[in-house]
Amino acid sequence: MAKISFFGGVGTVTGSKYLVESKGKQVLVDCGLFQGLRELREKNWEPLPFDPASLDAVIITHAHIDHTGFLPRIVKLGFNGPVFTSRGTNDLIKILLPDSARLQEEEAEYRNRKGLTVHSPALPLYDEADAEAALDLVVPVPNDGNPVEICEGITAAFRVAGHILGASLVHLTLSSAAEDGSDIRFLFSGDLGHYDQPILKDPAPPPACEYLMVESTYGDRLHDEEPSEDQLARIINEAYERNGPVLIPAFAVGRTQEILYLIRELEEQGKIPVMPVAVDSPMAKQATQVYNRWREEHDEEYVSILARQQHPLMTKSMTLAGTREESKRLNDDRGARIIISASGMLSGGRVLHHALRILPDENATIVFVGYQAAGTRGRRVLDGESEVKIMHSWVPVRCRIEQIGGFSAHADWKAVLKWLSGLETVPRMVFTTHGEPESASAMAEHIREEFGWNVMVPQMGDSFDLV
Ligand SMILES: [Zn+2]
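What counts and how
Residues numbered from 1 in each chain as written. Predicted model: local features only at pLDDT ≥ 70, side-chain atom pairs only at ≥ 80, totals over all residues. Axes fitted to C-alpha atoms, helices over the stretch in contact; angles between N-to-C directions. Helix = DSSP H or I, 4+ residues; strand = E, 2+ residues; numbered from the N terminus. Parallel < 35°, antiparallel > 145°, perpendicular 65-115°, else oblique. Left-handed = near helix turned anticlockwise from the far one by under 90°. Contact = placed C-beta atoms within 7 Å. Pairing = 2+ DSSP bridges. Domains from an automatic or database assignment. Nonpolar A, V, L, I, M, F, W, Y, C, P; charged D, E, K, R; others polar. Buried ≥ 20, exposed ≤ 12 C-beta atoms within 10 Å, placed from the backbone. Arc of directions from axis to C-beta.

## Here we look at the packing of helix α13 (residues 413-420) against helix α14 (residues 437-451)
Then step 1. Two elements in contact, α13 and α14, have axes separated by 11 Å at closest approach and are oriented at 45°. Considering the angle they form, α13 stands oblique to α14. Here the hand of the crossing between α13 and α14 comes out right-handed. Contacts between α13 and α14 pair W413, V416, L417 and L420 from the former with A442, M443, H446, I447, E450 and F451 from the latter.

Here it is as structure tokens:
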């Protein structure tokens, strides 16, 4: 009477889409875009294994595009039901989905202009109007563990997952769906944050469930032991002594706020001098405001800083450049300073204008604080290539190159086990998803060894009966 099907976020970390069916109702949990290599991106164009128009509802665990970026597409294809998500996520997708639409439109336009398409004309997956139509369907709910009705016979409760602002564990109850007539409880971890990270609360303990899906991004890896703030302090101090600029390419939502929080803290502790900090990204500017809004997400330290009437994400000398003019003004700055700009992998955006100046400057430092995917400009710089192409010209790389590996919004496998140890029931089946194949299998093995539970690693297109 009930089943789960896996239509994305399996065998890869992107494209999360899980279809829950119970007593004739269909609910899609997450609606992510496949991202990265071409072979993955092309999956976004394949015919869907379900009819968007017959979905009763969509539930979104958090704002990242690999969990939300396909939402405007299913709306374009006929979905018109409610989209349930936390209030924090709702605020962030108002920034991210229209931006994703603009990128889709720009890419289609570029392919047409360059004649790179076999389809003529190349079309975007969706446009800004589709993104706005998707946002109109959102029903924001508190991240407080209280169940809300999703459709007849299905409720969902959202709890803080600690991954980025608004990220939720989603606990579904499928009423009377089991063969013996009892309820079935299904817990989705979404992307799980790690413990003791700045700004956000720790992941809430897992509520009792019969079935559980857990992410496995770091199923075969552990995070760096050296605290990120120590590495950041060393890099900033060295730059200050040389009177040189520091460029930090960072994703506008989440990572930028984490860096700002740490810089403010290091300044207050006197571990670094006060230097001008410029955040050059309109999305980062908006997201930084959203980060202050929802108290239910904040850890105790963040709350206590807010209580002192301080902004936890504002350093002592900070510029938030939203407009193009504000951004251009940053070009006149000289000497030791910190510039944080998107995109995090140097693949586009305003950070490229800064990279043009920083990369050839022997006195300057570039600091990578996020994963650099194969084939991106960021990866080339990190791999030590002597020049990279930016906006039609070859730019020599002479600056210092640093990487801080400890920044991650994901729990590593030990932290996932710690989180799972709070579960008071023995699940009938655990599904490990959201990982490369080796990570998902390794996570499954760790769970079997630690708890002796049934675990499976689903493949794309698999379905599993819930009994
Ligand atoms: Zn995520």
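There's plenty left to go through after this.
## Notes on the sheet that holds strand β4 (residues 57-59)
Strand pairing in a sheet is mediated by backbone hydrogen bonds. Such pairs are either parallel or antiparallel.
Then step 1. As summarised here, the arrangement of the seven strands in space is β6-β5-β4-β3-β2-β1-β22, forming an open sheet in which the pairing is mixed. Each having just a single partner strand, β6 (138-141) and β22 (463-466) make up the two edges of the open sheet. Recorded for the sheet is a direction-independent mean angle of 25° between the axes of neighbouring strands.
Then step 2. Relative to β4, strand β3 (residues 25-29) is paired through three bridges, and the arrangement is parallel. Bridged to L28 within β4 is V58.
Then step 3. Packed onto the sheet, helix α4 (residues 87-114) meets β5 (83-86) and β6 and runs at close to 105° relative to β5.

## Considering the domain arrangement of the chain
Then step 1. For the chain, the domain assignment lists domain 1 (2-221 + 409-466) and domain 2 (228-403).
Then step 2. Contacts between the two partners involve 21 residues from domain 1 and, on the opposite side, 19 residues from domain 2.
Then step 3. Here the residues of the side of domain 1 that touches domain 2 are counted per class, giving twelve nonpolar, four polar and five charged.

## As for the packing of α4 against helix α5 (residues 128-136)
Then step 1. Running from N to C, α4 and α5 point in directions that differ by 155°, and their axes come no closer than 8 Å. With respect to α5, the element α4 is oriented roughly antiparallel. Crossing angle aside, the handedness with which α4 passes α5 is right-handed. Here I93, K94, L97, P98, S100, A101 and R102 of α4 lie close against α5, whose contacting residues are E128, D130, A131, A134 and L135.
Then step 2. Here the contact of α4 with α5 is composed, by residue class, of seven nonpolar, one polar and four charged.

## Some points on helix α11 (residues 351-358)
Then step 1. Inspection of α11 places V351, H354, A355 and I358 among the buried residues, and these make up the whole buried set. In a view along the axis of α11, the buried residues occupy a sector of 105°, so they form one face of it.
Then step 2. Buried residues in α11 make contact with β12 (245-249), β13 (277-280), β15 (337-341), β16 (365-368) and β17 (387-390).

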